[in-house]
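Tertiary structure, described
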There are 2 protein chains.
Amino acid sequence: MNYTAIFENAVDSLRQEKRYRVFADIERIAGRFPHALWHSPQGRREIVVWCSNDYLGMGQHPASIEAMVTAARQLGVGAGGTRNISGNSHQVVMLEAELADLHGKEAALVFTSGYVSNQTGISTIGKLLPDALILSDQLNHNSMIEGVRQSGREKAIFRHNDLDHLEELLRKAGQERPKLIAFESVYSMDGDVAPIGRICDLAERYNAMTYLDEVHAVGMYGPRGGGIAERDGVMERVDVIEGTLAKAFGALGGYIAAAAPIVDAVRSHAPGFIFTSALPPAVAAAAQASVRHLKSSQAERAAQQANAARTKAALARAGLPVAISDTHIVPVIVGDAERCKAASDLLLADHGIYIQPINYPTVPRGSERLRITPTPFHNEALIADLTKALVAVWHRLDLPFQVKAQAAE
Amino acid sequence: MNYTAIFENAVDSLRQEKRYRVFADIERIAGRFPHALWHSPQGRREIVVWCSNDYLGMGQHPASIEAMVTAARQLGVGAGGTRNISGNSHQVVMLEAELADLHGKEAALVFTSGYVSNQTGISTIGKLLPDALILSDQLNHNSMIEGVRQSGREKAIFRHNDLDHLEELLRKAGQERPKLIAFESVYSMDGDVAPIGRICDLAERYNAMTYLDEVHAVGMYGPRGGGIAERDGVMERVDVIEGTLAKAFGALGGYIAAAAPIVDAVRSHAPGFIFTSALPPAVAAAAQASVRHLKSSQAERAAQQANAARTKAALARAGLPVAISDTHIVPVIVGDAERCKAASDLLLADHGIYIQPINYPTVPRGSERLRITPTPFHNEALIADLTKALVAVWHRLDLPFQVKAQAAE
């Protein structure tokens, strides 16, 4: 038994499939986002980041930074324990109140990541519902898939955003069986949006619970940043809203917001919550500052949407295969892992533009892409630079122009 | 189908078993650890925390706080993405190098928590080893149990720290079958220690891999804080060492350290790593400052051991049922969930001493306890106060004195 060879082979197979991941070593620059320093093999070099999930640049917002700095100086750098064992900082308690208010729910519960929120949240809710059927959108994120799997409950996958298929599965399950519909509002790789209100119609008709992942929407949609459900006026109809503090809110952590009995049951039963150290007060304070700021400020949301629209228009005008999305996510399809990585490498090396290639398993094979995320800080000059650089790389690699988008929709 | 009633019942059953958890709302005070503010129903009140897992008080160390503050000001509050998609900050890269060096391994990989390290680390390693048998200590932490379960591999549980039983299971599995021995160095609830060297002897004899959780030991044992394996001179014989940044290092996050092919395979295949936002650079910087400080400073380790020994001696002299441990963990056994909670409530309300009750499922039923964690900052006066308060509470609740400890050993 040669253990080393087994692990080496597990990595070599990724290399052969051209989807071995190399992480770009990046140093962000607060106050100059999206500019950053890249620690390249040839030394440090300034670049422009076009693939950040710090969607609104809140990671560098003065209010968030000051909240973190103040809390670190006053309380220190860590929580010191699990939520139950000395780690329940006042900052986390206040953050949960802020999030419950954001979503108009009775309570919220913070986890160390959005991934863990879904994984332990869905699995715990599923386990608590006897004989539940979990109806899961085909394109749900890996964290939701793992949550469904770990619940041990039967699952039924409905075709992406397909209301007829969902209804068929609900009808088949019957009124009496506990049912949980798990879906996202904004699907992160294509940027398309779920018909939340109509899914709630079906949930009410067939007596199902709804669990909505708003990870790529909170902070960015709705008059207070409550997400697509708030924008669509259906937030109170969704049973559980899950979100992240690590994207538009710029910090770290995830959460669910729901009626008090649901939150209390998850708090009391979820292993991925009970047995893990709490979020540091300094991180919670930073996140709360971002959430609070985005409840009243519309400037970031407006600028992000404007820049996303400008970027899509500029890339389309240049004949680049930009997939049309309704949201701030701008996918440019390459359709091949090796060429996708080559495009990304050239953008970084020759143009100082950082867009990580997105390959399988994050997206289906054949839909490999550059996923571009314009923020309020990607201005017209940067959009023009991006367009020029992409066109040059497309010529250099002989990639097709004006191809119909192949997003997995 | 009344969904609300289901969740209410799931919580009521905990209330009936007297193990419904109420989190104490705590505000730490940097520079005055272990003193803290308790947001009680009657208002804010100063208390002394005796159950923190910030074992060495590094959460308030000036070097760690300054590292967090500096990074927050220079880089902002969040990572901005997963490790692969723009979140690979230079601070995380440096932290991993620091951790690899700490454990004398080729590489290390940081996760958002120790829980996730074990869960996705063990499950990924298990999945990569064809037909593996995972040999798991009976008292392993929930995160390891979940990792084993999610690997989908066969598991064999060996009696706690029982070398004969482990050998029997290894022999039965045979030389050729891939085998992973998963165990801890310091078991967190009893504070007892695994015979790491002799487990490595068995692993070598039967050609098994070893995965060692040093979560309750890193920073605190060994000349550079590498843990019990370092103290015992067997660090290089352990294949994978898992640790946390949230306890003795005072921050947040977890990690594994191992040979480069193992780390690279986990990095490339673990869903709980790939699909989650990276640790913020400010958190990574704080953690690295702690790790680096504890590589050279012996003062914190020496003071912690001295205060733990003083605490054990004082409690034993007072006839309190303190379980004898070899480590810094001081369990005082109550043996009943309701009285354990009552003792904790009285300590907090009447004496301003915060020790969270530890009930099932964290410890087996019948071994409910107060788990006391003396740190370098719990001086003789605080130990005297603690002893007096415990004796008063023991009388008040008519709890037995000088009972033989019932730790689950």
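Everything here concerns the structure above.
This part is about the overall build of chain A. Scanning chain A for helices and strands turns up 15 helices and 14 strands. Relative to a compact globule of 409 residues, whose C-alpha radius of gyration would be 22 Å, chain A shows 22 Å and is just as compact. Burial status across chain A gives 69% buried among its 409 residues. Within chain A, counting contacts between residues at least 6 apart in sequence, those at least 24 apart form 71% of the total. For chain A, the exposed surface amounts to about 13300 Å²; the carbon and sulfur share of it is 51%.

Further remarks concern the sheet that holds strand S14 (residues 369–372) of chain B. Residue and element names in this part refer to chain B. Read across the sheet, 3 strands follow the order S11-S14-S13 without closing on themselves; strand pairing throughout is antiparallel. This sheet does not close on itself; its edge strands, each paired only once, are strand S11 (330–333) and strand S13 (357–358). As paired elements, S11 and S14 share 4 bridges and run antiparallel to each other. The partner of Val332 across the bridge, within S14, is Leu370.

This paragraph deals with the side chain of B:Ser117. Residue and element names in this part refer to chain B. Take Ser117: it is sitting in helix H5 (residues 114–128). Only 2.9 Å separates the side chain of Ser117 from the backbone oxygen of Ser113, close enough to count as a polar contact. Those residues within four positions of Ser117 in sequence are excluded, and the remaining contacts are Phe111, Ile122, Tyr211, Glu242, Gly243, Gly254 and Tyr255.

Quick look at the sheet that holds strand S1 (residues 26–28) of chain B now. All names here are of chain B. Read across the open sheet, the 4 strands follow the order S1-S2-S3-S12; overall the sheet is mixed. Each edge of the sheet is formed by a strand with only one pairing partner; in this case those strands are S1 and strand S12 (353–354). In this sheet, S12 lies alongside strand S3 (residues 43–49) in parallel orientation, the contact comprising 2 bridges. Within S12, the position partnered with Val48 by the bridge is Ile353.

Quick look at the nonpolar core now. Core analysis: the biggest nonpolar cluster contains 140 residues, and A:Ile181, A:Ile196, A:Leu245, B:Ile181, B:Ile196 and B:Leu245 have the highest contact counts within it. Contacts of A:Ile181, omitting those with residues within four sequence positions, involve A:Leu135, A:Phe158, A:Leu166, A:Leu170, A:Ile199, A:Ala203, A:Ala208, A:Met209, A:Thr210 and A:Tyr211. In this structure, A:Val116, A:Ile125, A:Met209 and B:Tyr115 belong to the second largest nonpolar core, which totals 72 residues.

Rules used throughout
Residues numbered from 1 in each chain as written. Chains lettered and ligands numbered in written order. Predicted model: local features only at pLDDT ≥ 70, side-chain atom pairs only at ≥ 80, totals over all residues. Heavy atoms only, no water. Helix = DSSP H or I, 4+ residues; strand = E, 2+ residues; numbered from the N terminus. Rg over C-alpha atoms; globule rule 2.2 N^0.38 Å. Buried < 20%, exposed > 50% of the residue type's maximum accessible area, 1.4 Å probe, protein only. Contact = heavy atoms within 4.5 Å. Areas by Shrake-Rupley, 256 points an atom, 1.4 Å probe, with all protein chains shown as cover. Pairing = 2+ DSSP bridges. Polar contact = N/O pair within 3.5 Å; in protein donor to acceptor, adjacent residues only side chain to side chain. Core = buried A, V, L, I, M, F, W, Y, C linked by side-chain atoms within 4.5 Å.

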